[in-house]
Amino acid sequence: MTEIARRGALMAAATAAAALPLIGTAAAQTASSGAGTAATGGVPPQRGPNPPRFHRLKVGDVEVTTLLDGAMQGVNAGIPTFFPDSRPEEIVPLRERAFAIEPGLHQPVGAYVLNTGRNLAMIDCGGHSSFIPTTGQTLDALRASGYTPEHVDTVILTHIHPEHALGLSYDGVTRNFPNAEIIVTQIDFQFWTDPAMESRVPQGQRFIEAARRAIRPYDGRIRTVEMREGLEVIPGVFMVPAPGHTPGHVSFRVTSQNQSMLIWGDIAHQMVIQLARPRWRVGVDVDPAMGVESRVRTLTMLAEERLLMGGVHVPWPGFGRVIRDGEGFLYVPRPAQFT
Ligand SMILES: [Zn+2]
């Protein structure tokens, strides 16, 4: 406590004790613990981390809620690994254009909830602090948004990376969504569970262990589906293949009435950089060249259709559009709306 704050607190205690003799002892204890007010010269304590965050809009009759799970912050040394095609003279101005948070690459982590009237489904479900300390708020955000994990009947995964799937289970035993069926492509499921595939995982054993921990408690509740354009995974939600980042990585188009929205997993992690340079390979992709093709195809489609979109690493609150910009693209966030 500063000297000024301490004196303020003592004065507040004295004033409160004099004015309210019956509760003077309690008031004095409160004041002397530092809980003063600006009016009495004290400053309230700092309030700590942000509360769980959610935001929503309608796509036709479907209510789409974004949940902010957290964020990931890299280090500068990791940039050449993540973007092996980048040169410092190119990436520095791009990062300045993005007002990049230093050091390294910063990316938010989110998840989406779809209330279609028939299903309460999630598209991805965030990470966990055991893997990335600054992630794992999806369940709290879900509750704050008015739903419980028990309400969720389906979790649709874009792929089985930790910050997309560890929200399924934090301990590898307990189902965080006890009533949910999990939908994932057969290709991605096999990739993360088949020992013969382990050598192909760029991030190695830590990611493999996390993927298996996430899905293990859902044994018997996992519906694997083929990776096929337009496959309707639940009513009104259609698959858009996007392989490369992982072999079974997919996006989903949510359609209701005459409206649509695309929600992607990892088509882009860095919206300013990767939309400006969509053909830069991503070093952590299982097949970086295929990842480029999926990114360019998805961004082209979004720009041509002027489609509303969202993605797990799209800046909060996770709704926007993509337009063409020279040789590349530009992300145009949709401002938060409250009606
Ligand atoms: Zn991701």
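Scroll up to find the structure this text is about.
This one's a predicted model, so the numbers in the text were calculated from it and none came from an experiment.

A. Fine view of the coordination of the zinc ion. For the zinc ion, the protein coordination sphere consists of Glu163 (OE), His164 (NE2), Asp266 (OD), Asp266 (OD) and His313 (NE2), at 2.0 to 2.4 Å. Read in sequence order, the donor residues coordinating the zinc ion give the pattern E-H-x101-D-x46-H. Residue histidine 164 is found in helix H6 (residues 162–165), and its partner histidine 313 is found in the loop between strand S12 (308–311) and strand S13 (320–325); the two are separated by 149 residues along the sequence.

B. Broad picture of the layout of surface pockets. Size it by volume and the largest pocket reaches roughly 610 Å³. Residue lining of the largest pocket: 34 residues in total, with Ala98, Ile101, His106, Pro108 and Pro315 positioned closest to the centre. Elements supplying a minimum of two residues to the lining of the largest pocket: strand S2 (62–73), helix H4 (88–97), strand S3 (106–115), helix H9 (271–276) and strand S14 (328–333). In terms of residue count, H9 provides more of the lining of the largest pocket than any other element does, 5 residues in total.

C. Fine view of the environment of isoleucine 273. You can see isoleucine 273 is positioned in helix H9. Here isoleucine 273 falls in the buried class, since its relative accessible area comes to 3%. A C-alpha to C-alpha distance of 9.7 Å links isoleucine 273 and proline 93, two positions 180 residues apart in sequence. Excluding residues within four positions of it along the chain, isoleucine 273 makes contact with Phe83, Ile91, Leu94, Arg95, Leu105 and Trp280.

D. Quick peek at helix H10 (residues 288–305). A rise of 1.5 Å per residue sets the reference length of H10, with its 18 residues, at 26 Å; its end C-alpha atoms lie 26 Å apart and thus fit the reference within 8%. Following H10 by one or two positions, arginine 306 adopts a phi angle in the positive range, close to 50°.

E. View of the nonpolar core. Ranked by size, the top nonpolar core spans 38 residues in total, and within it Met122, Val155, Leu168 and Phe177 carry the most contacts. For this core, the secondary-structure elements that each account for two or more residues are S2, S3, strand S4 (120–123), helix H5 (138–144), strand S6 (181–185), helix H7 (186–193) and helix H8 (205–215). Among the elements that line this core, the one with the most residues is H8, at 6 residues. In this structure, methionine 122 is in contact with Leu67, Ala111, Tyr112, Val113, Thr138, Val152, Thr154, Val155, Ile156 and Phe177, ignoring residues within four places of it in sequence.

F. Spotlight on empty space enclosed by the protein. Summed over the entire model, instances satisfying the criterion amount to 2 cavities of 30 Å³ or more. Lining the largest cavity are 14 residues, and of these Leu67, Gly110, Val314, Trp316 and Gly318 lie nearest its centre. Secondary structure elements with two or more residues in the lining of the largest cavity: S2 and S3. Broken down by element, the residue count for the lining of the largest cavity peaks at 5 residues, all from S3. Tallied by class, residues from the lining of the largest cavity come to 10 nonpolar, 4 polar and no charged. Here the second largest cavity is characterised by a volume of approximately 30 Å³.

G. Geometry of the packing of H7 against H8. It is the contact of H7 with H8, at a shortest axis distance of 9 Å, that shows an interaxial angle of 120°. Between H7 and H8, the crossing angle belongs to the class labelled oblique. Taking contact as the criterion, the partners of Phe189, Trp192 and Thr193 in H7 are, on H8, Phe207, Ile208, Ala211, Arg212 and Ile215. Along the lines of polarity and charge, the residues of the contact of H7 with H8 split into 6 nonpolar, 1 polar and 1 charged.

H. Seen up close, the pattern of salt bridges. Taken as a whole, this structure holds 14 salt bridges when the rule is applied. Between arginine 277 and glutamate 90 there is a salt bridge; the shortest N-O distance is 2.8 Å. With arginine 277 in the loop between H9 and H10 and glutamate 90 in helix H4, this pair connects stretches of sequence that are 187 residues apart. For arginine 277, a relative accessible area of 29% gives the class partly exposed. Residue classification places glutamate 90 among the buried residues on the basis of a relative accessible area of 18%. Among the ionic pairs, arginine 279 bridges to glutamate 293, the shortest N-O distance being 3.3 Å. Here arginine 279 is found in the loop between H9 and H10, whereas its partner glutamate 293 is found in helix H10, with 14 residues between them in sequence. Judged by its relative accessible area of 41%, glutamate 293 falls in the partly exposed class. Through salt bridges with shared partners, a single ionic network connects Arg87, Glu89, Glu90 and Arg277.

Rules used in this analysis
Residues numbered from 1 in each chain as written. Predicted model: local features only at pLDDT ≥ 70, side-chain atom pairs only at ≥ 80, totals over all residues. Heavy atoms only, no water. Donors = N, O, S within 2.8 Å, 3.2 Å for Na, K, Ca; no water. Helix = DSSP H or I, 4+ residues; strand = E, 2+ residues; numbered from the N terminus. 1 Å grid on protein atoms, 1.4 Å probe; cavity = no way out; pocket = protein on both sides within 12 Å on 5 of 7 lines; lining within 4 Å. Points joined across faces, edges and corners; volume = space filled by probe spheres on them. Buried < 20%, exposed > 50% of the residue type's maximum accessible area, 1.4 Å probe, protein only. Contact = heavy atoms within 4.5 Å. Expected span 1.5 Å × (residues − 1). Core = buried A, V, L, I, M, F, W, Y, C linked by side-chain atoms within 4.5 Å. Nonpolar A, V, L, I, M, F, W, Y, C, P; charged D, E, K, R; others polar. Axes fitted to C-alpha atoms, helices over the stretch in contact; angles between N-to-C directions. Parallel < 35°, antiparallel > 145°, perpendicular 65-115°, else oblique. Salt bridge = Lys/Arg side-chain N within 4 Å of Asp/Glu carboxyl O.

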